[in-house]
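Residue-level structural notes
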Amino acid sequence: MQGQKFLPVLRRTVDRQQSGGAQVGVQPQVLADGQQGGILVAYFSHTGNTETIANMIAEYTGGDLFQVETTTVYPDEYNDLIAQARQEQDDDARPELSSSVENMDNYDTVFIGFPNWWGTMPMTMFTFLESYDFSGKTVVPFCTHEGSALGNSESDIAELIPDAELLKGLAVRGQTAQNRQDEAREAVTDWLREGGFIE
């Protein structure tokens, strides 16, 4: 198994304003370089469930991890979160990102991870996908969910980056990622094996 690598990212620092909102400043911090033809595991995670699956994928594939982050922090309270997510979807919003992949050309395969919000990816991932040229790359989606699996995300990804090769995605229940990690790991390895990423 290859060693896990980390790539250059712009790490975020949170400055909580007197108003109570959380704004995120951008602080450059170089961690390492990706290699030509490599694998990138890019993910957005709010509660940590998608991050758990992303870490497993990176562990087994030797891919570089990249966390997609926004300049404005999403609320922790569930009802506030889903209300904001719904509003962003209704507005076809493109939330601003606070981090970027500095060497996307080095990756031939990109795993794209996210929680399923209102039947598809968070609009944050729409911003991410529109920020890079995925032509000729292999894109592999994965998500955490609580019943709606991948929803419309695969068709949305195909529409956003039509010149990429889109492979079969993986959907893992959030409760499984959080509380039954052996079961989640088995689902991840079976899926990676089916896709030819591991033996």
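Look a little higher up for the structure.
Note on numbering: residues in each chain are counted from 1, in written sequence order. At least 70 in pLDDT is required for a residue's local features to be given in this predicted model, at least 80 for side-chain atom pairs to be given and counted, and no such filter applies to totals for whole chains, interfaces and linings, which use all residues. Hydrogens and waters are ignored; side-chain quantities use all the structure's heavy atoms.

Glancing now at the side chain of Thr 50. Think of it this way: any DSSP run of H or I at least four residues long counts as a helix, any run of E at least two long counts as a strand, and we number them from the N terminus. Inspection of the secondary structure assignment puts Thr 50 in helix α1 (residues 49–61). Setting aside anything within four residues of it in sequence, one finds Thr 50 in contact with Tyr 43, Phe 44, Ser 45, Gly 113, Phe 114, Pro 115, Phe 142 and Thr 144. Residue contacts follow a heavy-atom distance rule, with two residues in contact if any of their heavy atoms lie within 4.5 Å.

Right, let's talk about helix α6 (residues 181–194) for a bit. Because an α-helix packs 3.6 residues into every turn, residues spaced three or four apart end up facing the same way. Helix length check: α6 (14 residues) gives 20 Å between terminal C-alpha atoms against 20 Å at 1.5 Å per residue, within 8%. Burial status follows relative accessibility: with a 1.4 Å probe on protein chains alone, a residue under 20% of its type maximum counts as buried, one over 50% as exposed, and anything between as partly exposed. Looking only at α6, the buried set comprises Ala 184, Val 188, Thr 189, Trp 191 and Leu 192. Taken end-on, α6 shows its buried residues confined to a sector of 160 degrees, consistent with a single buried face. In α6, the exposed residues that point more than 90 degrees away from the buried face are Asp 182, Glu 186 and Glu 194. At its buried positions, α6 is contacted by α1, β6 (107–115), β7 (138–145), β9 (170–173) and α5 (174–179). Gly 196 occupies a position one or two residues after α6 and carries a positive phi of about 80 degrees. Expected helix span is taken as 1.5 Å per residue step, with the number of steps being one fewer than the number of residues. This arc is taken over the directions from the axis of the helix to the C-beta atoms.

Below, the discussion takes up helix α3 (residues 123–130). Counted residue by residue, α3 has seven buried out of eight residues, so it is predominantly covered. Every buried residue of α3 is accounted for by Met 123, Thr 124, Met 125, Phe 126, Thr 127, Phe 128 and Leu 129. Looking at the buried side of α3, the elements it contacts are β4 (38–43), β5 (64–67), α2 (78–90), β6 and α4 (153–160).

Judged by how many residues are buried, β6 sits mostly within the fold: eight of nine residues are covered. Pairing between two strands requires that DSSP report at least two bridges joining them. Sheet topology note: the β4/β6 ladder contains six bridges and is parallel. Across the sheet, the residue bridging to Leu 40 is Val 110, located in β6. A clockwise path from the first strand over the helix to the second, with the strands pointing away from the viewer, defines a right-handed crossover. In this view, the connection linking β6 to its parallel neighbour β7 by way of α3 has right-handed handedness.

Let us look at unusual backbone geometry. Positive phi values are uncommon outside glycine, yet Asp 92 reaches one of about 50 degrees. You can see Asp 92 is positioned in the loop between α2 and β6. Even without a glycine there, the phi angle at Trp 118 is positive, about 55 degrees. Relative to the assigned elements, Trp 118 resides in the loop between β6 and α3. Since its relative accessible area comes to 42%, Trp 118 is described here as partly exposed.

Attention now moves to the packing of α3 against α4. Packed helices, taken two at a time, are described by the angle their axes make and the gap between the axes. Two elements in contact, α3 and α4, have axes separated by 10 Å at closest approach and are oriented at 30 degrees. In terms of orientation, α3 lies roughly parallel with respect to α4. Helix-helix and strand crossings are classified by hand; for α3 and α4 the assignment is right-handed. The residues of α4 that touch α3, namely those facing Phe 126, Leu 129 and Glu 130, are Asp 156, Ile 157 and Leu 160. Throughout, the ten residues Ala, Val, Leu, Ile, Met, Phe, Trp, Tyr, Cys and Pro are labelled nonpolar, Asp, Glu, Lys and Arg are labelled charged, and all others, Gly among them, are labelled polar. Classifying every residue of the contact of α3 with α4 by side-chain character gives four nonpolar, no polar and two charged. Comment: axis = line fitted to C-alpha atoms, over the contacting stretch for helices; angle = value between 0 and 180 degrees taken between N-to-C directions. Roughly parallel here means an angle under 35 degrees, roughly antiparallel means over 145, roughly perpendicular means 65 to 115, and every remaining angle is called oblique. Crossings are sorted by hand: turned counterclockwise from the far helix by less than a right angle, the near helix makes the crossing left-handed, and turned clockwise it makes it right-handed.

What follows concerns the packing of aromatic side chains. In this analysis, rings of Phe, Tyr and Trp, with Trp reduced to its six-membered ring, are considered paired at centre separations within 6.5 Å, and the interplanar angle assigns stacked below 30 degrees, edge-to-face beyond 60, and tilted for intermediate values. Under the criterion given, the structure shown has nine aromatic pairs. On the basis of an interplanar angle of 90 degrees and a centroid distance of 6.4 Å, the ring pair of Tyr 132 and Phe 134 is categorised as edge-to-face. Of the two residues examined, Tyr 132 and Phe 134, each falls in the buried class. Members of the aromatic cluster, connected to one another through ring pairs, are Phe 66, Phe 128, Tyr 132 and Phe 134. Only lysine NZ and arginine CZ atoms are considered, and such an atom sits over a ring when it is within 6 Å of the ring centre and within 35 degrees of the ring normal. The aromatic ring of Trp 118 is capped on one face by Arg 86, whose charged end is 4.3 Å from the ring centroid.

Note on terminology: a nonpolar core comprises buried Ala, Val, Leu, Ile, Met, Phe, Trp, Tyr and Cys residues joined through side-chain atoms within 4.5 Å. By size, the foremost hydrophobic cluster in this structure holds 30 residues, and its most contacted members are Ile 112, Phe 128 and Phe 134. At five residues, α3 tops the list of elements feeding residues into this core. With sequence-adjacent residues up to four places away left out, Phe 128 is seen in contact with Ala 42, Phe 66, Val 68, Leu 97, Val 101, Met 104, Ile 112 and Phe 134. Judged by nonpolar contacts, the second largest core, of 20 residues, contains Tyr 43, Phe 111, Leu 170 and Val 188.

No statement about biological role is implied by the geometric values presented.
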